[in-house]
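Report on the structure
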Amino acid sequence: MTPDSLPLAPLVERIRPLLPEIGQPVHLVGGVVRDALLGRASHDVDLIVAADAVPLTYWLADRLRLPAYALDAARDVGRIVAKAEATTLDIARYRGPTFEDDLRGRDFTINALALPVGARTAEAIIDRHGGLDDLRAGRIRAIHNDSIADDPVRALRAARFAAQLGFALTPETAEAARAALPALLARTSAERIRDELTKLLSAGEPHTGVALLDELGLLAGVLPEVAALRDVAQSPPHHEAVLAHTVSVLRYLVAVEALLDGEPPDETAEWMEAVATLLAPYRAALRAHLARAIEGGIDGQGLLRWGALYHDTGKRETQTVEETGRIRFLGHDEAGANLTAARLNRLNFGNAAIRHARAIVAGHMRPLYLATERRAPSRRTIYRYYRALHEAGLDVALLSLADHLATYDGAGSGGEWEALLTVVGALLAAYFDAPHEVVAPPRLLTGQDVMELLGQPPGHEIGRLLSLLEEAQAAGEVTTRGAAVTFIQEHASS
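Here the structure is a predicted model, which is why all the values come from computation and not from measurement. (Residues numbered from 1 in each chain as written. Predicted model: local features only at pLDDT ≥ 70, side-chain atom pairs only at ≥ 80, totals over all residues. Heavy atoms only, no water.)

Remarks on the overall build of the protein chain
A count of helices and strands for the protein chain gives 29 helices and 13 strands. Across its three principal axes, the protein chain shows a C-alpha extent of roughly 85 × 60 × 45 Å. By residue count, 51% of the 494 residues in the protein chain fall in the buried class. Contacts spanning at least 24 positions in sequence make up 68% of the contacts within the protein chain whose residues lie at least 6 apart. Within the protein chain, one finds 50 positive and 65 negative side-chain charges whose respective centroids are separated by 3 Å. (Helix = DSSP H or I, 4+ residues; strand = E, 2+ residues; numbered from the N terminus. Buried < 20%, exposed > 50% of the residue type's maximum accessible area, 1.4 Å probe, protein only. Contact = heavy atoms within 4.5 Å. Lys, Arg positive; Asp, Glu negative; His and termini not counted. Charge placed at Lys NZ, Arg CZ, Asp CG, Glu CD.)

Some words on the layout of surface pockets
A probe as big as a water molecule, rolled over the atoms, marks out the empty space that is left. Approximately 1900 Å³ is the volume found for the largest pocket. In terms of lining residues, the largest pocket is bounded by 42 residues, among which D46, R79, D90, R95 and K199 are the most central. When contributions to the lining of the largest pocket are tallied by element, the ones reaching two or more residues are α3 (31-37), β2 (44-49), β3 (68-72), β4 (77-82), β5 (87-93), α8 (154-165) and α11 (190-201). The calculated volume of the second largest pocket comes to roughly 810 Å³. (1 Å grid on protein atoms, 1.4 Å probe; cavity = no way out; pocket = protein on both sides within 12 Å on 5 of 7 lines; lining within 4 Å. Points joined across faces, edges and corners; volume = space filled by probe spheres on them.)

A short note on the packing of helix α18 (residues 300-310) against helix α21 (residues 351-363)
The N-to-C vectors of α18 and α21 enclose an angle of 45 degrees; their axes lie 9 Å apart at closest approach. Put simply, α18 runs oblique to α21. For the pair α18 and α21, the sense of crossing is right-handed. Between α18 and α21, the residues in contact are L303, L304, G307 and Y310 and A353, H356, A357, I360 and V361, respectively. For the contact of α18 with α21, the per-class residue count stands at 7 nonpolar, 2 polar and no charged. (Axes fitted to C-alpha atoms, helices over the stretch in contact; angles between N-to-C directions. Parallel < 35°, antiparallel > 145°, perpendicular 65-115°, else oblique. Left-handed = near helix turned anticlockwise from the far one by under 90°. Nonpolar A, V, L, I, M, F, W, Y, C, P; charged D, E, K, R; others polar.)

Quick word on the pairing of strand β6 (residues 113-116)
With 3 bridges joining them, strand β1 (residues 27-29) and β6 adopt antiparallel strand pairing. In the strand pairing of β6, V29 is matched with A114. (Pairing = 2+ DSSP bridges.)

Focus on the nonpolar core
Counting residues in hydrophobic clusters, the biggest one holds 145 residues, and the most contacted among them are L28, L223, W271 and W306. When sequence neighbours within four positions are dropped, the list of residues in contact with W271 reads Y252, A255, V256, L259, L405, A411 and W417. With 12 residues, the next largest nonpolar core counts L465, A472, F487 and I488 among its residues. (Core = buried A, V, L, I, M, F, W, Y, C linked by side-chain atoms within 4.5 Å.)

Focus on the environment of A137
Its location among the elements puts A137 in helix α6 (residues 131-137). Under the relative-accessibility criterion, A137 is labelled partly exposed at 45%. Residues A137 and F167, spaced 30 residues apart in sequence, show a C-alpha to C-alpha distance of 8.4 Å.

A word on α8
Between its first and last C-alpha atoms α8 spans 16 Å; for 12 residues at 1.5 Å apiece the expected length is 16 Å, and the two agree. With 11 of its 12 residues buried, α8 lies for the most part within the structure. Inspection of α8 places R154, A155, L156, R157, A158, A159, R160, F161, A162, A163 and L165 among the buried residues, and these make up the whole buried set. Phi turns positive, to about 75 degrees, at G166, one or two residues after α8. (Expected span 1.5 Å × (residues − 1).)

Some details on empty space enclosed by the protein
Evaluation of the coordinates by the stated rule reveals 1 cavity of 30 Å³ or more. Contributing to the lining of the largest cavity are L197, L200, L201, V210, L213, L219, L223 and L309. Listing elements by their share of the lining of the largest cavity, those giving two or more residues are α11 and α12 (206-215). Ranked by residues supplied to the lining of the largest cavity, first place goes to α11 with 3 residues. By residue class, the composition of the lining of the largest cavity is 8 nonpolar, no polar and no charged.

Details of the pairing of β4
Taken across its 6 residues, β4 has 5 buried, putting it largely inside the fold. The hairpin turn running from β3 into β4, its antiparallel successor, is 4 residues long, and D76 in that turn takes a positive phi close to 60 degrees. Hairpin remark: β4 followed by β5, antiparallel, with 4 residues in the connecting loop; positive phi at A86, about 50 degrees.

Considerations on the sheet that holds β2
A sheet is described by the order of its strands in space; here 7 strands give the open sequence β3-β4-β5-β2-β1-β6-β7, paired in mixed fashion. The open sheet is flanked by β3 and β7 (126-127), the only strands paired with a single partner. Summarising the sheet, β4 and β5 pair through 6 bridges and their orientation is antiparallel. Opposite V77, over in β5, you have A92 as the bridge partner.

Shown next as C-alpha cells:
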C-alpha cells in the first residue's frame, strides 16, 4: 500500500479549494480510497456528506463548469461527469443518520475506508472496521454478519472483487455468500445481477471470479448453463472438463488481450512472442474495438468475455460418445449461441449486445476449422467469414487463440498452432489492411443497374445476383464495371 501522498483523480484536487465554502464535512469513501492505497488512480470518485448532496452536486458542478444531474433524488445522490478526465464524481447523503452509520452500512471492510477530501496522505484515513489490515492481507471481509444478507447482490460482488484485486474471501464471508443465493434470486433485479457479472468478467482475473462463483454455489443459480458444464467430459487434445476449460479460456484470453497493450511477452511462454508479433500491426485498432461502447454501459471487451464464458455452453446438450470412446459435440456452436441469447435476454441486455455475443458463440469454431486446412484462407473464404460474423469476426479471431491455448495448455507440439496463427493473421490483415478489397468491396453495380440491365423488377433474383457479384469482387474475380456487367449476364437465371 502507498504510505505517502495518495494518487487521486485530478478532479479531487480541483474540489479542495472550494471546501471552505461548502460548510459541512466532505469525505472520500469506498473504492477511490481503497484503490489509492493500492497505488491505483480511480476514475469513479464517491463523496459523502451529512445532508443536501444533490444541491451540493449542482453547486460544485457550476463552480467546476461541468455537467451534473440527480442520480437518485429520493436518496439524495448526485453525479458530476468530467468527460475530459474520464471521471465520474458521485455525491451522496450518509447511508443512515451518521457518518459512522454510513461506513457500517457498506459491503466490505476494504470499501469502508474514508478520507477527508482536504487530506492527502494515508495517515488521515478513517478506518472503523479493520479495512486497512484486510487490505494489507488481501482479504475480502464483510463488515458484519448481515452485510451480505442486507443486499444479496454483494455475494456476486465479493467474487468480483476477488477477480479484480486478486484477494481471498474470509471463511465467514464465503459462507455468507453461499447462504445468500435464495435471496439473491428472489430479491435482486436482473439488471443488478447483469451489471455485477459484467464487472466480474471485465476484471483483471475473470477466471478467478468465475471459479469462485462455482465454488460458492452461486454460478448454478445465476448462470446455470455455465455451471452445468462442470462434469461434461471431453476427448483429447482437451485435458479438462468443459467448465474447467472455459475458465482456462478466460485466463488465456486475458493474456492475449494484455499483448494489445504492448506489454512485454513472458519469456517462459513462447506462444506469447508469436501472438505479440501477430497482433502488433493491429494493436491500436483492436484496442479501440474492445473499448467501443455497445449499449447499456457494456463495451466490446465485456461482450468478448461474455462470449468466451458461453462459447461452449452448447456442449452439454450436444455431447455424444462414439463406440471408440471419442466424445463429440456436433452443432454445439449453434446450440451455445441460442443459450447465450436466451440468458442475455433474461439479464436485460440490449438487442445489439445480444446479437453480437450470439455471433461470437455461433462463430467461435470457424478459425479453428479453417486451421485444419493448413493453409491461408482464400479471399472468398475471408469474405464469407466476415459476411457471417461482421465485426464479431475480430472477437472470434482473438477468442480462437485463447481457445486453442486452453485446449493444449499452451501452443501444443503439432502444427495446429502455426496453422491457426496463419488463419488469424489473414483474417486481421483483410479486415484492417484490405477492407474494401476483401471484406466489404464497394458495389460496381447498384440494384437499379442490375434491374435495368436485365429488365427485371425488384425481387429475390436481383438480391441474389448482387450478393454473388460482391463475393466475386471480394475474391478478386471481378474488378471493373464492364466485368461486373458480364458477370451479371452470365449468372442471371434464364
